[in-house]
Structure formats: structure tokens, C-alpha cells
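# Chains, contacts and geometry: an overview
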Amino acid sequence: MSKITYREALNQAMCEEMERDDSVFLMGEEVAEYNGAYKVSQGMLDKFGPKRVIDTPITELGFAGLGVGAAMAGLKPIVEFMTWNFAILALDQIVNAAAKMKYMSGGQYGVPMVFRGAGGSAARVGSQHSQALENWMANVPGLKVVMPSNPADAKGLLKSAIRDNDTVCFIENEINYGDVGEVPDGEYVIPLGKADVKRAGNDVTIVAHSRMTGFALAAAEELAGQGIDAEVIDPRTIRPLDEATILASVAKTNRCVVVEEGWRFSGIGAEISARIMEKGFDDLDAPVARVTGKDVPMAYAANLERMTLPSVAEIVEAARVVSNRA
Amino acid sequence: MSAKQKQASKAAKGLEFEGRSYDVETLHAMHDSMLFIRRFEEKAGQMYGLKKIGGFCHLCNGQEAVCVGMEHASQPTDYMLTSYRDHGHILARGSDPTAVMAELLGRTGGIVKGKGGSMHMFDIEKNFAGGNGIVGEQVPIGLGFGFSSWYRDDGRVTMCIMGDGGVNQGGVYESFNMAALWKLPIVFVIENNQYAMGTSLNRASAETHLFKRGISFKIPGMQVDGMDVLAVEKHMGEALEHARSGEGPILVEAVTYRYRGHSMSDPATYRTREEVDEWRTGRDPIARLQQQMIEAGLATEEHFKDKDKQIKKEVTAVAKAAEAQPEPDPSELWTDVYSDPIDGAYPYPGKVG
């Protein structure tokens with residue numbers, strides 16, 4: 001175990017996998033000589049050389065497609081988007097090519113690669129650089145969507161994502177890059193598709209991913225002070241979703257709050273709520289509550305930005321509502 | 001033997017194009033392949049008319065010299081990618097025509113198991129990577145195939161084919177830039193059939209000399225007569241050698257013409273009958289090669305007539321065999337979505353509730 005940051009954990013995962021497998025390479029804007037816009041790829045150019053750590057021009061669609069083709073030809077690309085906001089330029093390659101290639105080629109061509117980078121809200125950068133788009137990706141069969149909430153998960157999940165033979169959209173969080181946590185040294189993999197109970201509790205289930213997991217844990221602490229024992233579940237993989245862990249928790253607590261940074265309409269919370277309704281209806285003592293980002297583009301002003309994002313107070317309030325304690 | 005006799009005896013063995021010799025076997029192979037594609041496409045058109053083929057179906061009648069010339073110039077290990085007008089290219093590569101026809105008919109033995117249809121033909125054994133349906137999408141993907149050859153230094157070249165419509169997509173220029181920047185072994189082929197669906201080249205392109213489109217990326221380009229299989233073969237050979245030698249990408253514009261509409265639902269009213277006839281009867285690549293071979297004493301008109309009959313029979317048999325196949329098994333609906341289908345990968349297995 002070492003105490004390292006979320007960004008160092010990601011770096012460790014990539015370095016270990018590149019040492020393990022020659023067909024893995026990292027490509028993206030500023031990943032090599034600049035050592036990464038967020039320093040996730042710090043030192044990797046020195047370690048692996050310019051053939052395996054490659055700076056690209058600012059051409060998201062082009063290098064995303066390069067990754068798809070290279071993966072079809074048998075390599076295992078890691079394509080970094082400086083942020084997922086810019087991946088919108090590359091959506092044709094992600095949605096129309098990577099996700100569908102296996103199916104539309106009748107199983108002949110898989111696309112084993114990772115698209116990774118920072119997603120979710122940053123701080124004070126306005127609407128085009130602050131948004132959570134994981135529900136877009138999670139809607140598409142053929143893609144896997146992974147979002148770590150702490151340094152250890154970041155390492156273990158990224159290693160699994162790189163080894164996976166499907167296209168994985170690995171969405172990090174810019175605000176979390178500096179978070180420090182205990183991370184196992186060396187080989188440490190977390191299987192994709194497995195949720196993690198971050199805090200055990202009996203009274204209410206809070207499902208939250210990425211940065212919102214931390215918010216949910218803070219809310220759980222407050223709720224504990226009010227006599228409500230919350231269980232916090234981090235799905236970690238958004239698609240495929242580990243519904244069994246969520247349903248088992250709801251069967252125990254009979255109450256559920258789903259938290260996400262993204263917009264409410266067709267969001268991850270909508271999906272999780274629907275699954276609980278479909279498969280755990282009889283376990284519910286109250287309707288599932290959703291705490292989401294507000295249905296507006298992100299503003300720049302500090303107060304408006306704060307209001308747009310879910311807050312610990314809103315999660316506490318939602319947990320009290322579903323517990324008939326509001 | 002006099003010089004004249006020598007020339008005559010040399011000519012009798014084959015044809016020459018700009019100093020490159022083609023022996024009689026090669027010429028027959030190229031001819032037969034083009035004719036097979038022509039008859040196959042005609043059959044596909046018929047089957048579409050009978051509503052046995054659904055959806056979009058883009059035929060390549062008229063463009064056969066591009067498909068066949070390129071294939072003959074390349075190695076089997078070279079990669080090839082194209083757009084949705086893909087029947088001719090995959091047939092030229094040597095894929096099983098029954099599997100291609102079965103794909104058009106949505107049958108179990110289709111080359112992609114009935115999951116792709118006309119626009120999405122793939123054959124990994126033949127290094128044929130689609131069959132890509134979004135205009136220009138295959139170009140960044142082709143860049144990746146070229147990158148893989150650079151990364152592994154495997155001596156392969158990627159032939160990345162697009163049309164005069166696709167060449168206007170932004171991703172094409174992103175790809176040109178990176179291919180040139182890293183000297184990737186790629187031949188970008190522009191099949192200029194002069195119409196992007198119903199929009200003629202001069203209505204869509206500020207620079208209509210498409211072989212110049214790589215200039216600002218320092219990618220050399222050449223224009224070839226895409227109605228002459230020997231010209232395509234010769235110049236594609238040069239282009240492939242350029243790319244293979246580590247010189248970086250090169251661009252080949254093959255000027256050609258499609259005899260049919262953009263797709264089966266297009267009556268092609270945007271061009272005149274005279275224009276179509278001029279290309280169809282005046283420049284047809286199959287008639288042209290036949291004429292050259294007859295004049296050189298390499299084959300007779302009789303031979304080509306017999307060959308045509310034989311090919312028509314083959315194509316009929318292919319269509320019959322494909323049609324006899326059942327539709328894909330319903331279980332195929334749920335296969336090939338993931339390579340590593342982990343728990344919960346299929347949360348909605350087609351059931352209500």
C-alpha cells in the first residue's frame with residue numbers, strides 16, 4: 001500500500017499495463033512532452049519513448065478513429081481526451097464505429113481500447129467544460145462505461161479496462177485528480193461490472209458514482225448524526241450496471257436515493273430508479289428519490305455553479321424524504 | 001528475330017501500359033473479376049427490385065476497374081477499408097460471393113452473419129475492414145490500421161478508400177495530417193465517381209482536382225483513369241510502393257463513373273442520359289479491356305461471350321445458394337455485442353417486464 005493521488009494511481013495503472021503488454025500505447029493531446037494536461041501521464045514519455053506515448057494534433061475525431069482502427073488491427077490503444085467535453089467531436093467514432101464494429105462485422109472485428117479522460121464538472125470553467133455525459137455513452141450497447149471515485153479504484157479499474165477486449169469509456173473526474181488515498185502496490189485489478197459498498201448501513205441506500213460518491217459519504221456522516229444509517233453504493237461501472245448489489249441493498253433498507261452530477265433527463269438515476277421499480281418494487285417503502293445536477297447549462301459565477309451541482313445538503317434532504325423524516 | 005518480330009511476340013503474350021507488362025493470365029483474371037462484379041451487381045439490383053434485398057443498396061457498376069486494379073496491385077496482407085459502396089471491393093479481394101450475396105439477403109451465411117447488410121461487409125481473413133456506413137468514417141479508422149503497421153513495422157500498407165463526397169468530411173483532413181506527420185504507410189484512394197449522391201463535384205468542392213487535396217499536408221497525389229484497369233493497377237502499384245517504402249502516405253484519385261443511381265432508390269435525374277451513355281458505352285472498363293485483348297490477339301469476341309455466359313450462370317448459382325439459406329438464428333440477436341460479456345452486460349434480454 002502507498003498513499004498516492006488519484007492521478008498517480010491512473011499513471012501507475014497505465015505504466016504497469018504498458019510494461020506488461022507491448023501492444024498498449026497512449027495517445028492524446030499533450031500526453032507526451034507536456035506530461036499530460038492534468039499530469040496523469042507524467043514521466044511516461046521518458047519511460048516508454050515516443051512510439052508508445054504519442055502527442056497528437058488537436059483532432060479528436062481523427063485520433064479517436066485512429067484508436068478504433070489500431071484496435072481492430074490488434075493493438076490496445078489508450079486514447080486520452082483532455083476532457084470528455086471534447087469527445088463530443090469524436091462521437092461518430094465512439095458510437096458509430098467502436099461500439100458497433102463487433103456486431104456489424106458479425107463478430108470479426110473487436111475494438112479493444114480505452115477512451116479515457118476527465119469528465120464531470122470542473123471548477124469555474126463554464127458550460128462547455130463542465131458537464132457529465134456518462135449517460136450518453138452508457139446508452140450505447142457495445143460500450144462499457146467505468147467511473148472510479150477514489151485512487152485505489154482508479155488504479156484497479158483502469159488496469160481492468162486496459163485488459164478488457166471491449167471498448168471502455170473510462171471517465172475520470174478532474175476535481176478528484178489530487179485526492180490522496182491508499183493504493184495497493186503492483187498488481188491490483190478490480191473486475192468491471194462490480195459495484196462496491198463504500199459504507200454499510202441499514203436505513204437507506206444511496207447510490208452515487210464518481211465525485212458524487214464522496215458527497216454521498218459526507219451525507220451519510222451527517223445522516224448518522226441524525227440517527228439515519230445510510231448505505232453508500234458506488235456502481236464504479238455504469239455499464240454494465242451491477243444491479244444485483246443495488247437491489248440487495250434496497251431489499252435491506254427499503255429506501256433509495258440515487259445521486260448524479262449529470263442532468264436528470266434520461267440520466268443514470270433514471271435508469272437505476274427504473275431497475276429498482278422493475279425488479280425491487282415490493283422492497284420499496286418509498287419512491288426512489290433522485291438528486292441530480294440542475295437542468296441548466298453550467299454557469300461561471302461561483303454561486304450559480306454551486307447551485308447547479310448536487311450538494312451534500314440535498315442528498316441529506318432526499319434521504320430524509322425517502323425515510324419519512326423530512 | 002528482328003526487333004519488330006520481338007515486339008509482336010511480346011505483344012502476343014500480353015499487354016503493356018506505360019512500360020508495365022501484363023501477361024495474358026493476369027489480363028484474363030482482371031477481366032473476369034470485373035465482369036463478375038458487374039454481373040453480381042446487376043443480380044443484386046434485380047434482387048432489390050424483387051424486394052429480396054432491403055434498405056440501402058449502393059451498386060458500383062462502372063467502377064469495377066478501380067476495385068480490380070487496386071486489388072491486383074496490392075498484397076493480400078495489405079489492409080483495405082472503404083465506404084458503404086463495398087460489394088465490388090470485397091469481391092475483388094476474393095471473399096466468397098455466396099457469403100456476400102447472403103449478406104445482402106440477410107441470411108445466416110452472410111459474410112457478417114446477416115448483421116451488416118449491403119453497407120457493412122467485412123472479411124478479416126482478407127484484411128477487408130468494412131463496409132463503413134457513415135460518409136468518411138473509414139478514413140480515421142484506416143489511419144489506425146496504417147498506424148498499427150508503423151507501430152509493428154509489419155510492412156503492410158493500408159488502402160483507405162473514400163468517394164468524392166467523403167473527401168469533404170473534416171475527419172479526412174485530420175487523418176491526412178496525422179498520416180503525413182508520422183509517415184504512416186497509407187494509400188488514400190479517392191473514387192471520384194463525380195457525384196456525391198445527387199450533388200456533382202463542382203457543386204460541392206472548391207478544388208475539384210481531388211488529388212491535390214493532400215497538398216497542404218505535403219501528401220503527394222496523382223490522378224488516374226479509373227475506367228482503365230491497367231492504369232489503376234500501374235499507378236496503385238507505384239502508390240503502394242511509395243507507402244511501403246516508408247515515404248509516408250500518398251493520394252490516388254481514380255476518376256470513374258457509376259452507371260446506376262447513388263442507391264437503389266435514386267433515379268439519378270440530376271444527370272443527362274447523354275452523359276451516362278458517354279461513360280457507359282464510350283469508356284466502359286470491361287469493354288475497353290476486351291477490345292485491347294482482342295486487338296492484341298489475346299482473346300476472341302467469342303471467348304468473352306462464352307465467359308459472360310459462364311459468369312452469369314455462376315452469379316445465378318450464387319444467388320440461388322444464398323437465397324436457399326435460412327435467416328439468422330434468433331439467438332444471434334444477442335451475440336457479438338461484447339467480446340467479454342461480463343455479468344449484467346445484457347440487462348434487457350428481449351423480454352417484457
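Residues numbered from 1 in each chain as written. Chains lettered and ligands numbered in written order. Predicted model: local features only at pLDDT ≥ 70, side-chain atom pairs only at ≥ 80, totals over all residues.

### Details of the overall build of chain B
The criterion, for reference: Secondary structure is summarised from DSSP: a helix means a run of H or I of at least four residues, a strand means a run of E of at least two, and numbering begins at the N terminus for each. Radius of gyration here is computed from C-alpha atoms only, and the compact-globule reference equals 2.2 Å multiplied by the residue count raised to the power 0.38. Working definition of burial: number of other C-beta atoms within 10 Å of the residue's own, with buried at 20 or more, exposed at 12 or fewer, and partly exposed in between, all C-beta atoms being placed from the backbone. This entry defines residue contacts through backbone-placed C-beta atoms, with two residues in contact when those atoms are within 7 Å.
Each helix and strand in chain B was counted, giving 12 helices and 10 strands. By the compact-globule yardstick of 20 Å for 353 residues, chain B fits well, its C-alpha radius of gyration being 21 Å. Each principal axis of the C-alpha distribution contributes one length, and for chain B these read about 85 × 50 × 40 Å. Here chain B, with 353 residues, has 50% of them falling under the buried criterion. Here the contacts in chain B between residues at least 6 apart in sequence split such that 73% fall between residues at least 24 apart.

### Considerations on the overall build of chain A
When helices and strands are tallied, chain A shows 11 helices and 14 strands. A compact globule built from 326 residues should have a C-alpha radius of gyration of about 20 Å, and chain A, at 19 Å, falls within 12% of that. Considering only C-alpha atoms, chain A reaches an extent of 60 × 45 × 40 Å along its principal axes. When each of the 326 residues of chain A is scored for burial, the buried share is 60%. Put simply, 78% of the contacts in chain A that link residues at least 6 apart link residues at least 24 apart.

### Remarks on the domain arrangement of chain A
Reports of interface size often rely on the accessible area that becomes lost once the parts have come together. Residue and element names in this part refer to chain A. Our working rule: Bear in mind that the domain bounds are from an automatic or database domain assignment.
Along its sequence, chain A is organised into domain 1 (2–183) and domain 2 (196–322). Just the C-alpha atoms count here: the centres of domain 1 and domain 2 sit 26 Å apart. Each side of the interface is counted separately: domain 1 has 24 residues, and domain 2 has 24 residues. For the side of domain 1 that touches domain 2, the leading source of residues is strand β6 (residues 143–146), giving 4 residues.

### Overview of unusual backbone geometry
Between Arg239(A) and the following residue, Pro240(A), the backbone shows a cis peptide bond with an omega angle of -5 degrees. Take Pro240(A): it is sitting in the loop between β12 (237–239) and α8 (243–253). Following Gly130(B), the chain continues into Gly131(B) via a peptide bond in cis, with omega recorded as 20 degrees. Looking at the secondary structure, you find Gly131(B) in strand β4 (residues 128–131). With a phi angle near 55 degrees, Ser266(A) is a residue other than glycine that sits in the positive phi range. As for its placement among the helices and strands, Ser266(A) is situated in the loop between β13 (256–263) and α9 (268–280). The class for Ser266(A) is exposed, based on 12 C-beta atoms found within 10 Å.

### So, helix α6 (residues 151–163) of chain A
Using the following cut-off: Working rule for helices: expected span equals 1.5 Å times residues minus one.
Along its 13 residues, α6(A) runs 19 Å from first to last C-alpha, staying within 8% of the 18 Å computed at 1.5 Å per residue. Burial runs high along α6(A): 12 of the 13 residues are buried.

### What to know about the packing of helix α3 (residues 60–72) of chain A against helix α7 (residues 170–181) of chain B
Basically, it comes down to this: An axis is simply a line fitted to the C-alpha atoms; with a helix, the fit covers only the stretch in contact. Between two such axes, the angle follows the N-to-C directions and lies from 0 to 180 degrees. Roughly parallel covers angles under 35 degrees, roughly antiparallel covers those over 145, roughly perpendicular covers 65 to 115, and oblique covers all other angles. Only Asp, Glu, Lys and Arg are considered charged in this grouping, and only Ala, Val, Leu, Ile, Met, Phe, Trp, Tyr, Cys and Pro are considered nonpolar; every other residue, Gly among them, is considered polar.
At their nearest, the axes of α3(A) and α7(B) sit 8 Å apart, and the two run at 70 degrees to each other. Here α3(A) lies roughly perpendicular to α7(B), going by the angle between them. In this structure, α3(A) uses Leu61(A), Gly62(A), Phe63(A), Gly65(A) and Leu66(A) to contact α7(B), whose residues at the interface are Gly170(B), Gly171(B), Glu174(B), Ser175(B) and Met178(B). Residue composition of the contact of α3(A) with α7(B), grouped by class: 4 nonpolar, 5 polar and 1 charged.

### Focus: the nonpolar core
As a reminder, the rule being used: What we call a nonpolar core is a set of buried Ala, Val, Leu, Ile, Met, Phe, Trp, Tyr and Cys residues whose membership is set by joining through C-beta atoms within 7 Å.
The biggest cluster of nonpolar side chains holds 192 residues, and the ones touching the most others in it are Ile206(A), Ala216(A), Val257(A), Val259(A), Ile315(A), Ala319(A) and Val187(B). For this core, the element with the highest residue contribution is helix α2 (residues 24–49) of chain B, accounting for 9 residues. Each of domain 1 (2–183) and domain 2 (196–322) of chain A gives at least three residues to this core. Beyond its immediate sequence surroundings of up to four residues, Ala319(A) is in contact with Val204(A), Ile206(A), Ala219(A), Leu223(A), Ile228(A), Ala230(A) and Val257(A).

### Topic: the confidence of the model for chain B
Rules: Across the chain, each position has a pLDDT score giving the predictor's confidence in that residue, from 0 to 100.
For chain B, mean pLDDT is 94; residues scoring 70 or higher make up 95% of the total. This complex was scored by the predictor with a pTM of 0.96 and an ipTM of 0.97.

### Looking at the interface of chain A and chain B
Contact residues are listed per partner, giving 44 residues for chain A and 37 residues for chain B. Residue assignment for the side of chain A that touches chain B shows that the elements contributing at least two residues are α3 and α4 (91–104) of chain A. Here the element with the most residues in the side of chain A that touches chain B is α3(A); it accounts for 11 residues. Classifying every residue of the side of chain A that touches chain B by side-chain character gives 20 nonpolar, 17 polar and 7 charged.

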